[in-house]
Amino acid sequence: MDPQRPRPLDRITVVSLEHAIAAPFCTRQLADLGARVIKIERPGSGDFARAYDERVAGMASHFVWTNRSKESLTLDVKSPDANDVLDRLLESTDVLVQNLAPGAAARLCLSFETLHERFPQLIVCDISGYGSDGPYRRKKAYDLLIQSEAGFLSTTGTPDEDGMAKAGCSIADISAGMYAYSSILSALMLRQQTGEGSHIDVSMLETLVEWMGYPLYYAYQGAEPPPRAGASHATIYPYGPFPAGDGRAMMLGLQNEREWQAFCERVLGDPGLASDPRYASNAQRSANRDSLHRLICQAFADLTADEVIERLEKAQIANAHVNDMHGVWQHPQLAARQRWTTIESPVGELPALLPPGRSNAFQARMDAVPALGEHSERILEELGYRDSEIQRLKTQGVI
């Protein structure tokens, strides 16, 4: 596909005062669609996610994932000289995104109420832990803390008292970034009708609670919440991991009685089990999962994981390999669909997954991960600053 074909957000400029994951993940996706994203970072240290680890040839894994295709402008936003830079930037900006500490944007005069009169076209998206009002509005929030507040931890892990487990990725940050991204797209569409920007207030708590809809309704009006069930489904069985005789595990899942019958006949080789009253419905199978688990493990004990998966495939029972990260890097489906590409970075070429949602109309933007302050001078030149002014700002530590 011709990389010069128009992208949906070409000519849209986003300025982001961002750190960690939620806002950077949101703005990276806007960049994927062609937006110009100017990332404002603290001089000297930058986004603190740059220092989370050094696993990607010396760069941080979180940062590489969420910051490609952006321009890095170092700016001490607390300096009086930064106000003029921000004013010039916002004159031609479509979207301002921030996930600073609670109240910080307002103290910097970057609230929607302050900006809207001067920049009526500007869309302002604030991402925070708990939202802009309510008793928790000034409470600090990190991903794991939101997982806890949203009830997510109560549903993950093993049934024993100390068995709760967090998600293996930053699920609260990701949910907030996704809703910020989709909300900004809707705000851009609304601006086409009204000509005015709007204010978006994204709460990490609310985005993750939205994703907790099933367990919330399952516990409706004081009913017993779904139990923690490890890697198995809490209320559908068999649906989860099972060991094979070669020591490897595979995942399988049954959704209805037709599949249960096929599973007994063609996978377990025990047609009579399908009519056993202990397992006659999903509710019964879930209630008697311990005994059913033993029966399934016995049937798989003389088979390799690949042999079990072969039987499951022939019976048209849903199944999956239990991959680690190395398995995902080598996943044959991703390779067959050509979902990997390369991007540039300060440490050289790096692999990157193309954005989900393949389009036949445009090619996603996949530009470099920026070095800290890499674009500062060029951006200031675009804003009309002379070389002498830029050097003064650099000497004074403003950029």
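Residues numbered from 1 in each chain as written. Predicted model: local features only at pLDDT ≥ 70, side-chain atom pairs only at ≥ 80, totals over all residues. Heavy atoms only, no water.

A. Representation of the pairing of strand β10 (residues 340-343) within the structure. Relative to strand β11 (residues 350-353), β10 is paired through four bridges, and the arrangement is antiparallel. Residue pairing across strands places I343 opposite L350, the latter belonging to β11. Once β10 ends, the chain turns through six residues before running back antiparallel as β11, passing G348 with a positive phi of about 105°. (Pairing = 2+ DSSP bridges. Helix = DSSP H or I, 4+ residues; strand = E, 2+ residues; numbered from the N terminus.)

B. Examining the sheet that holds strand β5 (residues 123-128) more closely. Strand order in the open sheet made by the six strands is β3-β2-β1-β4-β5-β6, with parallel pairing throughout. The sheet is open, and its two borders are formed by β3 (70-74) and β6 (199-203), each paired with just one other strand. Strand-to-strand twist of the sheet, defined as the mean angle between neighbouring strand axes without regard to direction, takes the value 20°. Of the pairings in the sheet, the one linking strand β2 (residues 36-41) to β3 comprises five bridges and is parallel in character. Considered in β3, the bridge of I38 is made with E71. Sheet contacts for helix α7 (residues 171-194): β4 (95-98), β5 and β6; angle to β5, the most-contacted strand, approximately 165°. Relative to the sheet, helix α8 (residues 204-211) contacts β5 and β6, its axis offset from that of β6 by approximately 65°. (Axes fitted to C-alpha atoms, helices over the stretch in contact; angles between N-to-C directions. Contact = heavy atoms within 4.5 Å.)

C. Molecular detail of the sheet that holds strand β8 (residues 249-253). Spatially, β7-β8-β9 is the arrangement adopted by the three strands of the open sheet, whose pairing is antiparallel. Across the chains shown, the open sheet's two edge strands, defined by having one partner strand only, are β7 (239-243) and β9 (318-321). Each adjacent strand pair in this sheet contributes to an overall mean axis angle of 25°, direction not counted. Contacts from helix α12 (residues 289-300) reach β7 and β8, with the element oriented near 45° to β7. Strand contacts of helix α13 (residues 305-314): β8 and β9, with the helix running at about 155° to β9, the strand carrying the most contacts.

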